[in-house]
Protein chains: 2
Amino acid sequence: VPVDSLTVVLTISLPDQLAADLVGPLPPDVRVLLWDGDGAPPDGFAEVALYVARYTEAPPPRDALANAPALVAVQLLSAGVEPWLEAVPAGVLLCNGRGVHGSSTAELAVAGLLTLRRELPRFAAQQRAGVWQRAGTDDLFGARVLILGAGDIGATVGAAVRAFGAVPVLVGRTARDGVHALGELPGLVAGAAAVVLALPLTEQTRGLVDAQFLAALDDGTIVVNVARGALVHTDALLAELSAGRLRAFLDVTDPEPLPPGHPLWQAPNLVLTPHVGGGTRGWQRRAYALVREQILRMHAGQPLRNVVRDGF
Amino acid sequence: VPVDSLTVVLTISLPDQLAADLVGPLPPDVRVLLWDGDGAPPDGFAEVALYVARYTEAPPPRDALANAPALVAVQLLSAGVEPWLEAVPAGVLLCNGRGVHGSSTAELAVAGLLTLRRELPRFAAQQRAGVWQRAGTDDLFGARVLILGAGDIGATVGAAVRAFGAVPVLVGRTARDGVHALGELPGLVAGAAAVVLALPLTEQTRGLVDAQFLAALDDGTIVVNVARGALVHTDALLAELSAGRLRAFLDVTDPEPLPPGHPLWQAPNLVLTPHVGGGTRGWQRRAYALVREQILRMHAGQPLRNVVRDGF
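Criteria and thresholds
Residues numbered from 1 in each chain as written. Chains lettered and ligands numbered in written order. Predicted model: local features only at pLDDT ≥ 70, side-chain atom pairs only at ≥ 80, totals over all residues. Heavy atoms only, no water. Pairing = 2+ DSSP bridges. Helix = DSSP H or I, 4+ residues; strand = E, 2+ residues; numbered from the N terminus. Axes fitted to C-alpha atoms, helices over the stretch in contact; angles between N-to-C directions. Contact = heavy atoms within 4.5 Å. Buried area = accessible area lost by both parts, 1.4 Å probe. Salt bridge = Lys/Arg side-chain N within 4 Å of Asp/Glu carboxyl O. Polar contact = N/O pair within 3.5 Å; in protein donor to acceptor, adjacent residues only side chain to side chain. Nonpolar A, V, L, I, M, F, W, Y, C, P; charged D, E, K, R; others polar. Core = buried A, V, L, I, M, F, W, Y, C linked by side-chain atoms within 4.5 Å. Buried < 20%, exposed > 50% of the residue type's maximum accessible area, 1.4 Å probe, protein only.

A. Expanded view of the sheet that holds strand β8 (residues 179-181) of chain B. Residues and elements named next belong to chain B. With parallel pairing, seven strands are arranged side by side in an open sheet as β8-β7-β6-β9-β10-β11-β12. Each end of this open sheet is capped by a strand with a single partner; those strands are β8 and β12 (270-272). Across the sheet, the axes of successive neighbouring strands diverge by a mean angle of 20°, strand direction being ignored. Bridge analysis of strand β10 (residues 222-225) against strand β11 (residues 247-250) gives four bridges, and the strand direction is parallel. Bridging across to β11, I222 finds its partner in R247.

Laid out in C-alpha cells, this is it:
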C-alpha cells in the first residue's frame, strides 16, 4: 500500500452510521468521524474540515465548532439556517440543504392546499359517520395561487398547481423574470384563492403574515405555511380562523412544537401537521447524495454548493 | 324586426335556469326549453335537436328521447356515458363532458394520493387529540405512479406528480407514444408506489382491478379510484385493506352510493369521498362553456365536439 493512500487529507464529521452508509464509499484518504452533536466531540474533531449536522437539530455548543481549528464548512440538511447563523464561527462556510426537501415540502403544501380546497376534512367526518352525502366544492382551475418564496419549493408548488389549471403567482425577495418582489405584495393579495408560504425566515420576513396582511385576503382564502411558524402572527391567524373568514394548513407553528392546550389545537378551519414537510424517508437519500457531492468537491479542491453564508 | 330573426331554426333543451344563465345569450333564432328529465317533457320537446342532460343523473325514460323526432344529439356533462348508451336512440349522436371534469377529478386523485402517501389521516388524528408527534413519511420523489387511463384526467395526474419528481407511467386502451397498452399491465404493476384509475368503464375494464391484480401490487401500494366503482372488485380490495397490505383512496364505489353499514365504511387504510371528483363549483362554468360551444356549432352547421358514439 503506497504511503500516500494512508495519509488523511480530509476529515469529515457525519451525524451517525446511517449517514455514513448513505454517503457510501469515499476515497481512502478521507477520514470519517461520527458525532451527533450531543456531549463532547469525538477524538480527532480538531482535524474536521467539514461538519455535517443532524437534520433540524439545535446547533452543538458554540465552543465545539469554535474549537475545531481545521473547520472549513458546516453542512446543514435543512433549508432553514436561522439557529446556525450565530453558532458557526466567522471564517467558516455555512451550506444548507436546498433542493433536498424541495419536492417533499412542496408535496405537503399542495396536499394541504387540496385538502382544504376540496374540503376533505368534511368528507372524512362523513366517512367516520358512515354517511354518503355529495357536495360541490371549489377546485383550483383558474384560481390564483400566490406563492411567497420562489426557491425550489415555491417553483415546485407552482408547477404542480399549474397542472390543474391554477395560475401561480410567484413572489420572491427580489423581482426577476416571472417573480414579483415582496414589495409588490399589497397589490397581489386580493383575489388570491390561496397564499402558500415557502420563504426563509429572515428579519425581513418575520411576522410578514400579520393582521393587516390577513385582513387584505378575500373571504375563504387558504393560507398554507410549510416554511417557518414565525412568518405568521399566530394570534392574528387564530382570530381569522375562529371567525370563519380564512382557512389554513400549517405544517409549522409559532410556538413550535405546539404545546398541549394551545388554542390552535382547537381552531376551526385549520389542518395541522407536525412539521413533516421535509422529513420524509426519501429525503435522507437526497440529503446524503448532496453530502457525498460536497465531500468529493472539498476533496478535489472545488467550490462547495449551497453556500448560504461565506466565512467573512 | 326582420321575419327571419323570429324564425326558430334550432331548439335545445337545458336542464334548468342556472344552465341557461351559464350558457349566456344565444342567437335570436335559437329557442331554449328547460327540462330536468323528470316527469313529462315540456311542450315543444318534439322540436328539440340538442338535449343537454343534468349532470350524472339517470337518463330520462327512453320514450322521452325516442319521441323527440328532431333530436340530433344528446350532450352529457359527465365523462362517463354508460347508462346512456341504451337510452339514446339509434341515429342520435351522444356527446360527453370530456375536458370539463379533467382538472378537478385529477386534483382529487392527487389529493387522495398525497393524503395517503404523506399519512395525513394519522396527523389529523393527532390534531384532534392535541398531540405534536413528528414522523417521517414517504414522499413521491422517484416513485413510480401507474396511471390507468391516458385521457385528460390521467395526463393531468401525470403532469402534477412529475412536478414532485415522481415517474408517471400512463396506460391506455391502446399503446401510443408515451402510453402503454392495457395488455402490458402484468409487467408494469410491480414496483409501483401507486395505481391511479382514470379509465372509462367498459366491458374491457369492468372488474379490471380484481384479486389477482391487487395481489401483484407491492405491499403498501396506494390504489386511487376517481373513475367508476365497478373497475374494482370491492370485496377483493376490502380484503387487502383489512389485511393492512394495501391502502386506497376511493371517490367512487361499487355499490354507489355506498349504503349505510357497508363494510367499506369501517375499512382501515381507506380514505373515502362521495364521488366529488368532478362535481366542483367550477365545473359548471366549464360545462356550460362547452354546451354553448356545441349550440353555436350546431347553429352554424359545424360538427360537434366530444362525440363518443355517432348515430349509427
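Once the structure has been displayed, the description carries forward.
B. Layout of the interface of chain B and chain A. Residue-level contacts link 56 residues of chain B with 56 residues of chain A. Approximately 4,900 Å² of surface area, both sides summed, lies buried where chain B meets chain A, with 58% of it carried by carbon and sulfur atoms. Of all residues in chain B, E107(B), Q127(B) and W132(B) give up the largest surface area on contact with chain A, accounting jointly for 18% of the area buried on that side. One salt bridge connects R281(A) with E119(B), and the closest N-O pair in it is separated by 3.7 Å. Counting the contacts that link chain B with chain A gives 26 residue pairs in polar contact (both at pLDDT 80 or more). For the side of chain B that touches chain A, the secondary structure elements donating two or more residues are α5 (102-117), α6 (120-129), α7 (152-163), β12 and α10 (281-299) of chain B. Of all the elements, α5(B) adds the most residues to the side of chain B that touches chain A, at nine residues. Here the side of chain B that touches chain A is composed, by residue class, of 26 nonpolar, 18 polar and 12 charged.

C. The arrangement of the nonpolar core in detail. If you look at the biggest cluster of nonpolar residues, it comprises 69 residues, and the most contacted ones within it are L140(A), V145(A), L140(B) and V145(B). Leaving out residues up to four positions away in the same chain, V145(A) has contacts with L113(A), L140(A), V161(A), A166(A), V167(A), P168(A), V169(A), A194(A) and V196(A).

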